[in-house]
Amino acid sequence: MTIEPILVATWTDGVFVLTGDSQRQELAGQQVRGLTPDSHGSALTIVNEHSLCRRSGDGEWSTIATSDLHLACVVNVGNVTYVGTENGADVLRVSASGEVSRLGGFDTVAGRDTWFAGSALINGQVVGPPLGVRSITATSDGVVLLANVHVGGIPRSTDGGLTWQPTIDVRSDVHEVRAHPSRPGVVIAAAANGLWSSSDAGATWTGEQAGLHGYHCCAVAFAGDDLLVSAATDHFAAHGALYRRAIDRGGPLEPIGGGLPEWLDGIVDTGCIAVRDRAVAMSDRGGNVYVSPDAGRTWSRRANGLPPASSVLV
């Protein structure tokens, strides 16, 4: 099975397009993040924090909308696109014509006053990302929106983003939420205290840690009948690993081999595991891109030495 193309968006140097044995760069020198498919076979992404852009299947780029806010993540639901922001944690609605409106109901989520910016102590200084919506997803039927706030839990909306309700303890420190591509009730989330799963479209959550070498989880995805989650001892650990378990079976998470090294070069971060049908691609912090043609059973390395990835798309 040929897996192509693979798009790897980076924080500092555009998008790398991997096709066969070739590699080319687009939007060099620009910050690109939030790669996600739309409903027309194209890719949506955020360029330089303020532009929502579309990349067509033949590599043509166009700007859909712009905003003064710092855009961070994207999900497409039919003819509507929802965008999460940093530096304030807003959710925007972008119509098919590119009209941008801010969803005021997100401001009144119960418990919003307990949200806080992420932080870590590095070389004696407290650093970290600002308060923001780190990832956003929609159930496969388009009925439920889930916005992962860092750090603020996973607010949930069942009315197209008009109103929102809190669902998970803010202190779980969630890094990514992902809905199953065909089962509306199934949702998973990666958090600083392990993997969380839901069977009722994110209304309630169950946490697990069994099998993980470290509980700091950053990325999740669904591949075939399995879920995938990345883990490390902390966000800046030198080594990371990828784990799996069957969606409908309990028991400990199992480390993935099949051609992957025992330890990845740092963690696989939010948005950096991508799945399309049975094809899987992911990038670790060291800029290594691994691909699997069989839902994560066997792997090979497609690229190495790329700039740190912000997101990946097959």
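To be clear, the structure that these remarks concern was listed above.
What this report covers is the structure whose coordinates are included nearby. (Residues numbered from 1 in each chain as written. Predicted model: local features only at pLDDT ≥ 70, side-chain atom pairs only at ≥ 80, totals over all residues. Heavy atoms only, no water.)

### A look at the pattern of salt bridges
In step 1: In total, this model carries 15 salt bridges according to the counting rule given.
In step 2: Taking the shortest distance from any N to any O, the salt bridge between Glu 86 and Arg 33 comes out at 3.4 Å. Of this pair, Glu 86 sits in strand β9 (residues 80-86) while Arg 33 is found in strand β4 (residues 32-37), placing the two residues 53 residues apart along the sequence. Here the two residues Glu 86 and Arg 33 agree in accessibility, since each one is buried.
In step 3: With its nearest N and O atoms 2.9 Å apart, the salt bridge here joins Asp 169 to Arg 171.
In step 4: Among the charged side chains, a salt-bridge network with shared partners connects Asp 90, Arg 102, Asp 107 and Arg 112. (Salt bridge = Lys/Arg side-chain N within 4 Å of Asp/Glu carboxyl O. Helix = DSSP H or I, 4+ residues; strand = E, 2+ residues; numbered from the N terminus. Buried < 20%, exposed > 50% of the residue type's maximum accessible area, 1.4 Å probe, protein only.)

### Concerning the sheet that holds strand β20 (residues 206-208)
In step 1: Reading across from one edge, β17-β18-β19-β20 is the order of the four strands in this open sheet, with antiparallel pairing throughout. Here the strands that pair on one side only, and so sit at the sheet edges, are β17 (174-179) and β20. When the angles between neighbouring strand axes are averaged without regard to direction, this sheet yields 20°.
In step 2: Direction of pairing for β17 relative to strand β18 (residues 187-191): antiparallel, over a ladder of five bridges. Residue Arg 178 lies in a different strand from β18, and its bridge partner there is Ile 188. (Pairing = 2+ DSSP bridges. Axes fitted to C-alpha atoms, helices over the stretch in contact; angles between N-to-C directions.)

Geometric descriptors of this kind do not, in isolation, establish any biological role.
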